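# Observations on the model geometry
Residues per chain, in single letters:
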Amino acid sequence: INIGLIPFATMTNGSTETTVYTDDTPAGEWGAVGGTADPADTNDATIARVGTNSLKLAWLATAVAGDGVTATITSDNLEANESIGMWIYSTAALTAGDLTLVLTDDGGARTFNIPAVATLNKWTWVEVDISALTGGTGDAVTAVAIKLSSAGATAHGVFTTYIDTMVKWDAADELTLGVDLIDQP
């Protein structure tokens, strides 16, 4: 195997660079959105992709569309960014759009479908295209959320997802970032 070290970008909060939205203690940074039956969010050291913990979301059978978790971030302009990617491990097969990524800025919330995670109990890298954030729709993002959609609420009862290494990046960092993430243990 030919593996080389590829450094991450500066990872400072700003308009075009790469930023990591989860660290090794993600449950301290995420919380319930205040829905009907939000998932319990905890750190999980048993199922982790990078580092020692992932964000474990235990979805309830009573969960409805809009239930989920959210994290507050320093106001960030994502309009020049291309994608938000993350590792997801799920105990249920997820169709594209069962879970959504919601970005909230001063102009309101923007919802994006999270791609399918078809293989059960295996880490899958997914990328959410956020390039539609333009013209003031993503210039001051202050919250990131993962929510259940109406299709997801209909399709699933009790299931668990694990999220690890949620990252946003611009086009210039994408190749470097992708290689670095895939090469992680």
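Here we summarise the structure given alongside this text. (Residues numbered from 1 in each chain as written. Predicted model: local features only at pLDDT ≥ 70, side-chain atom pairs only at ≥ 80, totals over all residues. Heavy atoms only, no water.)

### Some words on the sheet that holds strand S5 (residues 68–76)
Read from one edge to the other, the open sheet built from five strands follows the order S2-S5-S10-S7-S8, with strand pairing classed as antiparallel. The open sheet terminates on both sides in strands that have one partner only, identified here as strand S2 (31–32) and strand S8 (108–113). As judged from the six bridges shared by S5 and strand S10 (residues 141–148), these two strands associate in the antiparallel manner. Residue glycine 68 lies in a different strand from S10, and its bridge partner there is lysine 147. (Pairing = 2+ DSSP bridges. Helix = DSSP H or I, 4+ residues; strand = E, 2+ residues; numbered from the N terminus.)

### Digging into the side chain of aspartate 38
Within the secondary structure, aspartate 38 sits in the loop between S2 and strand S3 (40–44). Lacking a salt bridge, the buried aspartate 38 has lysine 147 as its closest oppositely charged neighbour, with an N-O distance of 8.0 Å. There is a polar contact of 2.7 Å between the side chain of aspartate 38 and the backbone nitrogen of glycine 35. With sequence-adjacent residues up to four places away left out, aspartate 38 is seen in contact with Ala32, Val33, Leu60, Asp67 and Gly68. (Buried < 20%, exposed > 50% of the residue type's maximum accessible area, 1.4 Å probe, protein only. Lys, Arg positive; Asp, Glu negative; His and termini not counted. Salt bridge = Lys/Arg side-chain N within 4 Å of Asp/Glu carboxyl O. Polar contact = N/O pair within 3.5 Å; in protein donor to acceptor, adjacent residues only side chain to side chain. Contact = heavy atoms within 4.5 Å.)

### Thoughts on the pattern of salt bridges
Following the criterion strictly, the structure yields one salt bridge and no others. Two residues, lysine 168 and aspartate 76, come together in a salt bridge whose shortest N-O distance is 3.5 Å. A residue pair is termed long-range when its members are at least 10 positions apart, and lysine 168 in strand S11 (residues 159–169) and aspartate 76 in strand S5 qualify at 92 residues. Both residues of the pair, lysine 168 and aspartate 76, belong to the buried class.

### Section: the side chain of threonine 161
Of note, threonine 161 is situated in strand S11. For threonine 161, a relative accessible area of 0% puts it in the buried group. A distance of 3.0 Å separates a polar atom in the side chain of threonine 161 from a polar atom in the side chain of tryptophan 59. If we ignore the near neighbours within four places in the chain, the residues touching threonine 161 are Leu55, Lys56, Leu57, Trp59, Tyr89, Ser90, Leu94 and Leu99.

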